Amino acid sequence: MRVLLTGGAGYIGSHTALVLLEHGHEVVVLDDFSNSSLEAVRRVEELSGKSVPVVEADLADRAASERALEDIEFDSVIHLAGLKSVGESVAQPTRYYRVNIDATLVLLDVLRERGITNFVFSSSATVYGVPQSVPIDEQHPVGDGITNPYGRSKFIIEEIIRDTQSAWPELGATLLRYFNPVGAHTSGRIGEDPSGIPNNLMPFIAQVAVGKRERLSVFGDTYATPDGTGVRDYIHVMDLAEGHVAALEHNRPGIAVYNLGSGTGSSVLEVVREFERASGQPVPFVIEAPRAGDVGEVVADPTLANTTLDWRTTRSLADACRDSWNWQSSNPEGYAG
Ligand code: UDP
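Quick caveat: nothing in here was measured; it's all calculated off a predicted structure.

Undergrad: An account of the packing of helix 7 (residues 201–209) against helix 9 (residues 268–279) is needed here, citing residue identities and associated values.
TA: As a packed pair, helix 7 and helix 9 sit with axes 11 Å apart at the nearest point and diverge in direction by 40°. Judged by the inter-axis angle, helix 7 sits oblique to helix 9. Viewed along their axes, helix 7 and helix 9 form a crossing whose handedness is right-handed. Of helix 9, the residues touching helix 7 (which contributes Leu-201, Met-202, Ile-205, Ala-206 and Ala-209) are Val-268, Val-271, Val-272, Phe-275 and Ser-279.

What follows is the structure in structure tokens.
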């Protein structure tokens, strides 16, 4: 296939691009580089030995995107482009709704005009809101109790895609609900490069281990979990990338929804200990108040993806810590270094 990968220069995008190329697909990256780096695409080319054309465009800008895509050939799309910081979305809700929703509306119109029916969308486990029970399968209710505009933008986009598919039955749309992506490619050449202070746990820990930050704040230790700290389902970004390729190759007309997670929960303190072991560096931490909107435990039931897509995670949390440390220690300043 020849895949248009929106957001292809970002963290998940760069790893997905690499796995697509390794599976014999061609990749065209579309990115506005607002939170990503062209260097990531260059390194994907270096790792794969293949060239990756880049279209620089803000998808939310309809005229510019239509112009930029005019001469670009593709037969399928993986749509990852979007804003993704939960905290920022609380402070700037209109920006989050506008950018994430407008980008998807423009893209869906481009697909329909061109008759491109193979579409995979990057959604999130946040659409489940506060889980009623764990592990969470795809039948769990969505929409209610979502605690931030970022998550709600993902939910709204899922609904928009469903409506679009109802009006256009040939469209095959797969919604991938990610749990917590972590880790990096084993080469240490591509990885997560957050701008400013990392919001997410593993990049923050990595920056503490490498000496860029003094200590981790552990948000809450009185949850109903074995050690009281928050439990999440961490999925290695290479497993996640392979999930995208499996979903794309399996896509058919209609709507399909899959959780992409490992099915295993780990607490904040378990991640700290695993990272210390992988890096050989201390990760000092202090316990602080729970973060607003956080929940105790979020773990996927990935059975549907395991059985339908014949996909499963093969990398452990220890692998993710090793790979994240390899990336962090060899690129302490990220792609800018
Ligand atoms: N967390 C933490 N300190 C941090 C960042 C995160 O204790 O600096 C905790 C957070 O409360 C949650 C887990 O780590 O229990 C994963 O948080 P993250 O922001 O990475 O992902 P989320 O599950 O919130 O999407």
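After that view, the rundown keeps rolling.
Undergrad: Give a description of the packing of aromatic side chains that names residues and reports values.
TA: Under the criterion given, the structure shown has 2 aromatic pairs. When the ring of Phe-275 is compared with that of Trp-325, the centres are 6.2 Å apart and the planes differ by 90°; the resulting orientation is edge-to-face. One end of the pair, Phe-275, is in helix 9; the other, Trp-325, is in helix 11 (residues 317–330), with 50 residues separating them in the sequence. In this structure Trp-325 comes out as buried when scored by relative accessible area, which is 16%. Both rings, one in Trp-327 and one in Tyr-335, keep their centres 5.0 Å apart while their planes meet at 55°; by these two values the pair is tilted. On the accessibility criterion, Trp-327 (4% relative accessible area) is buried. For Arg-213, the ring lying beneath its charged end belongs to Phe-204, and the centroid distance is 6.0 Å.

Undergrad: Describe the packing of helix 5 (residues 93–114) against helix 6 (residues 149–167), listing the residues and the values that go with them.
TA: It is at 9 Å that the axes of helix 5 and helix 6 come closest, and there the two elements cross at 20°. With respect to each other, helix 5 and helix 6 are oriented roughly parallel. Our pair here, helix 5 against helix 6, has a crossing hand that is right-handed. Side by side, helix 5 and helix 6 meet where Pro-93, Tyr-96, Tyr-97, Asn-100, Ile-101, Thr-104, Leu-105, Leu-108 and Arg-112 of the first sit next to Pro-149, Tyr-150, Arg-152, Ser-153, Ile-156, Ile-157, Ile-160, Ile-161, Thr-164 and Ala-167 of the second. Grouping the amino acids of the contact of helix 5 with helix 6 by side-chain chemistry returns 13 nonpolar, 4 polar and 2 charged.

Undergrad: Explain the pattern of salt bridges residue by residue, including any values.
TA: Evaluated as defined, the whole model comprises 18 salt bridges. Asp-294 serves as the salt-bridge partner of Arg-232, at 3.8 Å between the closest nitrogen and oxygen. In this pair, Arg-232 sits in strand 9 (residues 231–232) while Asp-294 sits in the loop between strand 13 (285–288) and strand 14 (297–298), placing the two residues 62 residues apart along the sequence. Between Arg-322 and Asp-323 there is a salt bridge; the shortest N-O distance is 2.9 Å. For Arg-322, a relative accessible area of 42% corresponds to the partly exposed category. Look at Asp-323 and you get buried, because its relative accessible area is 3%. Bridged by salt links that share partners, the residues Arg-62, Glu-66 and Asp-109 form one connected network.

Undergrad: Any details on the environment of Gly-49? Residues and values, ideally.
TA: Summarising the element assignment, Gly-49 is placed in the loop between helix 2 (38–48) and strand 3 (54–56). Taking the C-alpha atoms as reference points, Gly-49 and Leu-21, separated by 28 residues in sequence, lie 9.2 Å from one another.

What counts, and where the lines are drawn
Residues numbered from 1 in each chain as written. Predicted model: local features only at pLDDT ≥ 70, side-chain atom pairs only at ≥ 80, totals over all residues. Heavy atoms only, no water. Axes fitted to C-alpha atoms, helices over the stretch in contact; angles between N-to-C directions. Helix = DSSP H or I, 4+ residues; strand = E, 2+ residues; numbered from the N terminus. Parallel < 35°, antiparallel > 145°, perpendicular 65-115°, else oblique. Left-handed = near helix turned anticlockwise from the far one by under 90°. Contact = heavy atoms within 4.5 Å. Phe/Tyr/Trp six-rings, centres within 6.5 Å; stacked < 30°, edge-to-face > 60°. Buried < 20%, exposed > 50% of the residue type's maximum accessible area, 1.4 Å probe, protein only. Lys NZ or Arg CZ within 6 Å of the ring centre and 35° of its normal. Nonpolar A, V, L, I, M, F, W, Y, C, P; charged D, E, K, R; others polar. Salt bridge = Lys/Arg side-chain N within 4 Å of Asp/Glu carboxyl O.

Remember that the coordinates give geometry; whether it matters functionally is a separate question.
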